[in-house]
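# Structure at a glance
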Amino acid sequence: QVQLVESGGGLVQAGGSLRLACAASGRTFSTHAMGWFRQAPGKEREFVASISWTGGSTDYEDSLKGRFTISRDNAKNSVYLQMVTLKPEDTAIYYCAASQMPTPQTIARMYKYWGQGTQVTVSS
């Protein structure tokens, strides 16, 4: 069992940066690939980024490459999403998720555990 709690969301102006954090509980955290997804109002949840259990492999939604960076610290049971040059279209609820697979996953159904989400709002 893994419980996830996101933090770091907020209101930021376009062009600004935010760093989201996801704190995980559970002794098996280090064996899970982790991911970030987001859901904007009226839209489906979409993949943002994923990282392998070692942190050695990552995957990103193509349109976000270069602006978003996922990382993890297994010693702290945490995963992070650094976001730079934010745009109004990045406004969404951002969810942290844990997969039972060790490698990065881009599909939501491959994730078993989900956090409650953290709101990111980018103003123009």
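Throughout what follows, the structure given in this document is the object of discussion.

Analysis parameters
- Residues numbered from 1 in each chain as written.
- Predicted model: local features only at pLDDT ≥ 70, side-chain atom pairs only at ≥ 80, totals over all residues.
- Heavy atoms only, no water.
- Core = buried A, V, L, I, M, F, W, Y, C linked by side-chain atoms within 4.5 Å.
- Buried < 20%, exposed > 50% of the residue type's maximum accessible area, 1.4 Å probe, protein only.
- Helix = DSSP H or I, 4+ residues; strand = E, 2+ residues; numbered from the N terminus.
- Pairing = 2+ DSSP bridges.
- Axes fitted to C-alpha atoms, helices over the stretch in contact; angles between N-to-C directions.
- Phe/Tyr/Trp six-rings, centres within 6.5 Å; stacked < 30°, edge-to-face > 60°.
- Lys NZ or Arg CZ within 6 Å of the ring centre and 35° of its normal.
- Salt bridge = Lys/Arg side-chain N within 4 Å of Asp/Glu carboxyl O.
- Disulfide = S-S within 2.5 Å.

## Some details on the nonpolar core
With 29 residues, the main nonpolar core has Leu4, Met34, Trp36, Leu81, Met83 and Tyr94 as its most contacted residues. Within the residue set of this core, elements represented by two or more residues are strand 3 (18–25), strand 4 (34–39), strand 5 (46–51), strand 7 (68–73), strand 8 (78–83), strand 9 (92–99) and strand 11 (118–123).

## What to know about the sheet that holds strand 8
Taken in spatial order, the four strands of this open sheet run 1-3-8-7, and their pairing is antiparallel. Of all strands in the sheet, those with a lone pairing partner are strand 1 (3–7) and strand 7, marking the two edges. The mean inter-strand angle of the sheet, taken between neighbouring strand axes irrespective of direction, is 15 degrees. Of the pairings in the sheet, the one linking strand 3 to strand 8 comprises six bridges and is antiparallel in character. Note that in strand 8 the partner of Ala23 across the bridge is Ser78.

## Let's talk about the packing of aromatic side chains
Applying the stated criterion to the full structure yields four aromatic pairs. Their ring planes at 70 degrees and their centres at 5.6 Å tell us that Phe37 and Phe47 sit as a pair that is edge-to-face. Here Phe47 lies in strand 5 and Phe37 lies in strand 4, a separation of ten residues in the sequence. You can call Phe47 buried: its relative accessible area is 10%. One residue, Arg45, lies across the ring of Tyr95, its end atom 3.9 Å from the ring centre. Directly above the ring of Trp114 sits Arg45, whose terminal nitrogen or CZ lies 4.7 Å from the centroid.

## Quick notes on the pattern of salt bridges
The tally for this structure, following the rule as stated, stands at four salt bridges. With a closest N to O distance of 3.2 Å, Asp62 and Lys65 form a salt bridge. When its relative accessible area of 59% is taken as the criterion, Asp62 is described as exposed. Note that Arg67 and Asp90 form a salt bridge whose closest N and O atoms lie 2.8 Å from each other. Placement of the pair is Arg67 in the loop between strand 6 (58–60) and strand 7 and Asp90 in the loop between strand 8 and strand 9, with a sequence separation of 23 residues. Given the relative accessible area of 12%, Arg67 is considered buried. Look at Asp90 and you get buried, because its relative accessible area is 1%.

## Things to note about the state of the cysteines
All chains considered together, the criterion is met by one disulfide. Here Cys22 engages in a disulfide with Cys96; their sulfurs sit 2.1 Å apart. Given an S-S torsion of about -80 degrees, the disulfide between Cys22 and Cys96 has left-handed geometry. Separated by 74 residues along the polypeptide, Cys22 in strand 3 and Cys96 in strand 9 bring together distant segments of the chain. By the burial criterion, Cys22 is buried, and Cys96 matches it.

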